[in-house]
Amino acid sequence: MLSFKRGQLSAICALLGLSLAACSPQKPSAQAADTASKPSATANQKPNKTIAISAIVAHPSLDAIRQGILDELAAEGYIKGQNLTVNFQSAQGNTATAGQISKQFVADKPDAIVAISTPTAQSLAAASKEIPIVYTAVSDPVAAKLITQQNTPTQPNITGLSSQLPLAPQLDFIQKIMPSAKSIGYVFSAGEMNSVALRDKLNIALPERGMNLVDIPANRPTDIAMATNSLGGKAQLIYTSMDNNVASAFESMVQSANALKLPIIASDEFSVRRGATAALGVNDYDFGRTTGKMVGKILDGTPVTQVKPEVMNQLTLYVSPKHAQAQGLTLNPELLKGAINVDTTPERKIDK
């Protein structure tokens, strides 16, 4: 990850109307390098533990979160292959498979289960009310019925980290990057509560800014290209955020968007690396590190009821001038000064 001077960060934060703290890239990534090169001195002091990790689908953003979890646990003395047994399963986008995985995990009785994504968390919550479950990569845990409006888990074995990105900065960013946009395209999975909740919020917020939403449901990865093509002539820009169905077939969206010259604005680093113009969102790997801290507390013996649900919404700006050009857009030079340019920043290597 690039290192930025305070002046550069101030410029981009001023451009987006955000505070410096909210816009600053986080730094646990440097800690990851230390973890990789220096085995934990406490590994032999920790008891043997088993965790199960499930994701609704495999894609780079969720892979980075999983890597962050394992790296953080290693830093705290729980090292995979030594004193930590890890069972990872992906449902490959199939909710029925997610249910089967959940039942198997509960039967295995691990010390903790990590649920990556909303459908996975909902499936695991239905499968067990006893084994500690830590959800992550859930953008709206209230809509998913994992917690209440008062941040209280709906069942005593659940806690987690949500990515409730503040919507206003996202829309500010869209208007900064393309002031002429009046119609925003949104391809979403009707089966993902987080995506449906975001659609509803956009339908309220966009008219207040003189814009409207063109929302197209796509329930399977194979539907993504067709749904994106249907935005031609109807939208000036595409916004996508935390939809695992879209993420699993993101290259299809990019191919269609490039042909239509529709810029894609996302909310994670890897969508930009895979073809989006830009994204204002959390750092997935750092998101995993924070989740890992919560899992580590549980493995250390802290009751799950004492590990409160948290929200991570510090924002990092990612851009790709190359992808912007392919989608018919030239990025504001001022925007580039404080952003992480994925065209010139190496991608983090993920341990598969």
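K.L.:
Quick question: what am I supposed to make of the nonpolar core here?
P.N.:
The nonpolar side chains of soluble globular proteins are, as a tendency, buried together. Ranked by size, the top nonpolar core spans 77 residues in total, and within it I51, I177, I184 and L202 carry the most contacts. Once you skip the residues sitting within four places of it in the chain, I177 turns out to touch L237, I265, T277, A278, L329, L331 and L335. Ranked by size, the runner-up nonpolar core spans 24 residues in total, among them I238, A249, F250 and M253.

K.L.:
In this structure, what is going on with the pairing of strand β6 (residues 183-188)? I would like to understand it.
P.N.:
For a regular strand, the rule is simple: side chains alternate between the two faces of the sheet. Along β6, 6 of the 6 residues are buried, which leaves the element largely enclosed by surrounding structure. Of the strand pairs in this sheet, β6 and strand β7 (residues 212-217) are connected by 6 bridges, and their pairing is parallel. Considered in β7, the bridge of Y186 is made with D215. Assessed by its sense of winding, the connection that carries the chain from β6 through helix α8 (residues 193-205) to β7 is right-handed. Both β6 and strand β8 (residues 237-239) contribute to a ladder of 2 bridges, which runs parallel. Within β8, the position partnered with G185 by the bridge is I238.

K.L.:
Where do I start with the sheet that holds β7 in this structure?
P.N.:
To summarise the sheet geometry, strands pair through backbone hydrogen bonds and adopt either a parallel or an antiparallel arrangement. Within the open sheet, the 7 strands sit side by side as β7-β6-β8-β9-β10-β12-β13. Their pairing is mixed. In the strand order of this sheet, the two ends are held by β7 and β13 (340-341), each with one partner. Lying over the sheet, helix α7 (residues 167-177) contacts β6, β8, β9 (264-266), β10 (278-281) and β12 (316-319), oriented at roughly 155° with respect to β10. In the packing of α8 onto the sheet, the strands contacted are β6, β7 and β8, and the crossing angle to β6 comes to about 165°.

K.L.:
Please explain the packing of helix α5 (residues 95-108) against helix α6 (residues 118-127) as it appears in this structure.
P.N.:
Two measures define how a pair of helices packs: the angle their axes make with one another and the distance between the axes. The N-to-C vectors of α5 and α6 enclose an angle of 45°; their axes lie 9 Å apart at closest approach. Regarding the angle of α5 to α6, the classification is oblique. The two elements α5 and α6 meet at a crossing, and its hand is right-handed. From α5, A98, G99, S102, F105 and V106 reach across to α6, where they touch S123, L124 and A127.

K.L.:
Looking at this structure, I do not really get empty space enclosed by the protein. What am I missing?
P.N.:
If you roll a probe as big as a water molecule over the atoms, it shows you where there is empty space left. Going through the model one piece at a time under the given rule, you end up with 2 cavities of 30 Å³ or more. Counted as a void, the largest cavity has a volume near 200 Å³. Along the walls of the largest cavity sit 19 residues, with H59, S61, M242, D243 and D268 positioned nearest its centre. The set of elements that each furnish at least two residues to the lining of the largest cavity consists of α4 (60-75), α10 (244-248) and α13 (284-299).

About the criteria used
Residues numbered from 1 in each chain as written. Predicted model: local features only at pLDDT ≥ 70, side-chain atom pairs only at ≥ 80, totals over all residues. Heavy atoms only, no water. Core = buried A, V, L, I, M, F, W, Y, C linked by side-chain atoms within 4.5 Å. Buried < 20%, exposed > 50% of the residue type's maximum accessible area, 1.4 Å probe, protein only. Contact = heavy atoms within 4.5 Å. Helix = DSSP H or I, 4+ residues; strand = E, 2+ residues; numbered from the N terminus. Pairing = 2+ DSSP bridges. Right-handed = clockwise from strand over helix to strand, strands pointing away. Axes fitted to C-alpha atoms, helices over the stretch in contact; angles between N-to-C directions. Parallel < 35°, antiparallel > 145°, perpendicular 65-115°, else oblique. Left-handed = near helix turned anticlockwise from the far one by under 90°. 1 Å grid on protein atoms, 1.4 Å probe; cavity = no way out; pocket = protein on both sides within 12 Å on 5 of 7 lines; lining within 4 Å. Points joined across faces, edges and corners; volume = space filled by probe spheres on them.

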